[in-house]
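Coordinates in review
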Amino acid sequence: MRWVFLGIALLTSIVVSILGTRGTVNSRRPLMLFPDMNAQPRYDPQGSSNFFADGRVMRTPPSGTVPFGGADYECDAGSPRQNPDFLQADDAYYRGKQGSGWVSKSPVKLDIELLRRGRERYDIHCAICHGATGTGAGVMTKFGMAGVASITDDLHKLMSDGEYFNVITNGKGRMMPYAPQISVRDRWAIVAYIRALMRSQSGRPSDIPEALRGELKR
Ligand code: HEC
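Since this is a predicted model, take the numbers as computed values, not measurements.

So, on to the pattern of salt bridges. Summed over all chains, the structure comprises 13 salt bridges. Residue D91 is joined to R95 by a salt bridge in which the shortest nitrogen-to-oxygen separation is 2.5 Å. Of this pair, D91 and R95 both sit in helix α2 (residues 91-95), separated by four residues, roughly a single helical turn. What makes D91 partly exposed here is its relative accessible area of 31%. For R95, a relative accessible area of 34% gives the class partly exposed. Across the salt bridge formed by E120 and R121, the nearest N and O atoms sit 2.9 Å from each other. The buried category is assigned to R121, whose relative accessible area is 16%. Taken together, the shared-partner salt bridges in this structure form one network comprising R117, E120, R121 and D186.

Below, the structure written as structure tokens:
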């Protein structure tokens, strides 16, 4: 009988010593039989150091320093390019903002190339939800996605270009931000194309050039 008690006590202490301290924080270094080069002297960001007089690892850049370069996520594919406009100080272009409001008109020059690019990007990124004509009846709605906004109805014609740019950049409500996928210029191209979609929906036969009107009847 004594051995049974001893056995239970031994088992309990083993279980407690192995499992009982799980989740507790221990500042001591774990026992490493083969340390390889896991623990190396190095400075972590925001760390402290006795080497510098102010005790901080991160150094303050000299006053007046202007950042240049850095990763640019504007490119379509491949490794990031250097972006000379690292500060992105142009509020209108990078954020669609003017003071505390939205820019009413896109800062990008409107031409047929921009519209073509906008149509291509819109069809890739937006049409699945908002539909090819922007009415909010994209293919996703057939698979249970509810509440996709129409973006070309009369109400949305009142939205400024900057506000559209901002919705693409930061998302809105249940719509995700598209800044990581779509470059700044392409976002403006999409905005321009949405305007074209809006215009097309209030189109009349008289908008069509005379020479092409015959095709309408076919
Ligand atoms: C995965 C589906 C999905 C995709 C893709 C998508 N949207 Fe949306 N979008 C939504 C939903 C859902 C809403 C409504 C959000 C809410 O009000 O909660 C919305 C709202 C909007 C609004 C705001 C309308 C309002 O009433 O303020 C705009 C503008 C818009 N989308 C534009 C775009 C553009 C441009 C793209 C392509 C870059 C895009 N969306 C891609 C789902 C999507």
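Structure's up, so let's keep going.
The N-to-C vectors of helix α6 (residues 161-170) and helix α7 (residues 184-201) enclose an angle of 125°; their axes lie 9 Å apart at closest approach. Looking at the two axes, α6 sits oblique to α7. Handedness of the crossing formed by α6 with α7: right-handed. Residue-level inspection shows D161, G162, Y164, F165, I168 and T169 of α6 in contact with α7, the latter providing V184, R187, W188, I190, V191, I194, R195 and M198. Here the residues of the contact of α6 with α7 sort into nine nonpolar, two polar and three charged.

Next up on the list: α7. Compared with an ideal rise of 1.5 Å per residue, which puts 18 residues at 26 Å, α7 spans 26 Å between its outermost C-alpha atoms and is within 8% of the ideal. When we look at burial in α7, the residues that qualify are V184, D186, R187, W188, A189, I190, V191, A192, Y193, I194, L197 and M198. Contacts made by the buried residues of α7 are with α2, α3 (112-125), α5 (154-157) and α6.

Lining the immediate environment of the ligand, one finds 23 residues, of which C126, C129, H130, H156 and M175 sit closest. H156 is positioned such that a nitrogen or oxygen atom in its side chain is 2.6 Å from an oxygen atom of the ligand. For the shell around the ligand, the secondary structure elements donating two or more residues are α4 (127-130), α6 and α7. Looking at the shell around the ligand, its residues break down into 16 nonpolar, five polar and two charged.

Now for the coordination of the iron atom of the ligand. Looking at the metal site, the iron atom of the ligand is ligated by H130 (NE2) and M175 (SD), spaced 1.9 to 2.1 Å from it. One way to put it: the six donor atoms around the iron atom of the ligand meet at angles of 86 to 178°, and that makes the site octahedral. Of the two residues, H130 sits in helix α4 while M175 sits in the loop between α6 and α7, which places them 45 residues apart along the sequence. For H130, a relative accessible area of 11% corresponds to the buried category. Judged by relative accessible area, which is 29%, M175 ranks as partly exposed.

With that settled, the discussion passes to the confidence of the model for the protein. Of all residues in the protein, 91% have pLDDT values of 70 or greater, and the mean over the chain is 86. Within the protein, the lowest mean pLDDT, 48, falls on strand β1 (residues 71-72), and the highest, 96, falls on α3.

Next up on the list: a nonpolar patch on the surface. A contiguous nonpolar surface patch, about 580 Å² in accessible area, is contributed by L10, L11, I14, V15, I18 and L19. With respect to the element layout, V15 can be found in helix α1 (residues 2-19).

The rules behind the values
- Just so you know, the residues in each chain are numbered from 1, in the order the chain's sequence is written.
- Where local features are concerned, this predicted model is filtered to residues with pLDDT of at least 70; where side-chain atom pairs are given and counted, the filter is 80 or more; whole-chain, interface and lining totals use all residues.
- As a rule here, side-chain values cover all heavy atoms of the structure and leave hydrogens and water aside.
- Between Lys or Arg on one side and Asp or Glu on the other, a salt bridge is scored when a side-chain nitrogen of the former is within 4 Å of a carboxyl oxygen of the latter.
- Secondary structure is summarised from DSSP: a helix means a run of H or I of at least four residues, a strand means a run of E of at least two, and numbering begins at the N terminus for each.
- Remark: exposure states derive from per-residue accessible area (1.4 Å probe, protein chains only) relative to the maximum for the residue type, with buried under 20%, exposed over 50%, and partly exposed in between.
- The convention used is that axes are lines fitted to C-alpha atoms, helices contributing only their stretch in contact, and that angles between N-to-C directions extend from 0 to 180 degrees.
- Just so you know how the angles are binned, under 35 degrees is roughly parallel, over 145 roughly antiparallel, 65 to 115 roughly perpendicular, and the rest oblique.
- Each helix crossing is assigned a hand: it is left-handed if the near helix lies turned anticlockwise from the far helix by less than a right angle, otherwise right-handed if that turn is clockwise.
- Any pair of residues with heavy atoms lying within 4.5 Å of one another is described as a contacting pair.
- Note on residue classes: Ala, Val, Leu, Ile, Met, Phe, Trp, Tyr, Cys and Pro are nonpolar, Asp, Glu, Lys and Arg are charged, and everything else, Gly too, is polar.
- Working rule for helices: expected span equals 1.5 Å times residues minus one.
- Any residue with a non-hydrogen atom lying within 4 Å of a molecule or strand is treated as near it.
- Side-chain atoms alone can form a polar contact between residues adjacent in sequence; in general such a contact is a pair of N or O atoms within 3.5 Å, and within protein one must be able to donate a hydrogen while the other accepts it.
- Metal donors were taken as nitrogen, oxygen and sulfur atoms no farther than 2.8 Å from the ion, or 3.2 Å where the ion is Na, K or Ca. Water is excluded, so coordination may look unfinished.
- The geometry test gives tetrahedral to four donors whose angles all lie between 85 and 135 degrees, gives square planar to four donors and octahedral to six donors whose opposite members are over 155 degrees apart with all other angles between 65 and 115, and gives irregular to the rest.
- Along the chain, pLDDT gives the predictor's confidence residue by residue, from 0 to 100.
- Only residues whose relative accessible area exceeds 30% and that form no salt bridge enter a patch; like-charged residues are grouped when within 9 Å of one another, and nonpolar side chains (Val, Leu, Ile, Met, Phe, Trp, Tyr) when within 5 Å.
- Note on areas: these come from Shrake-Rupley sampling with a 1.4 Å probe, and a residue is covered only by the protein chains present in the view.

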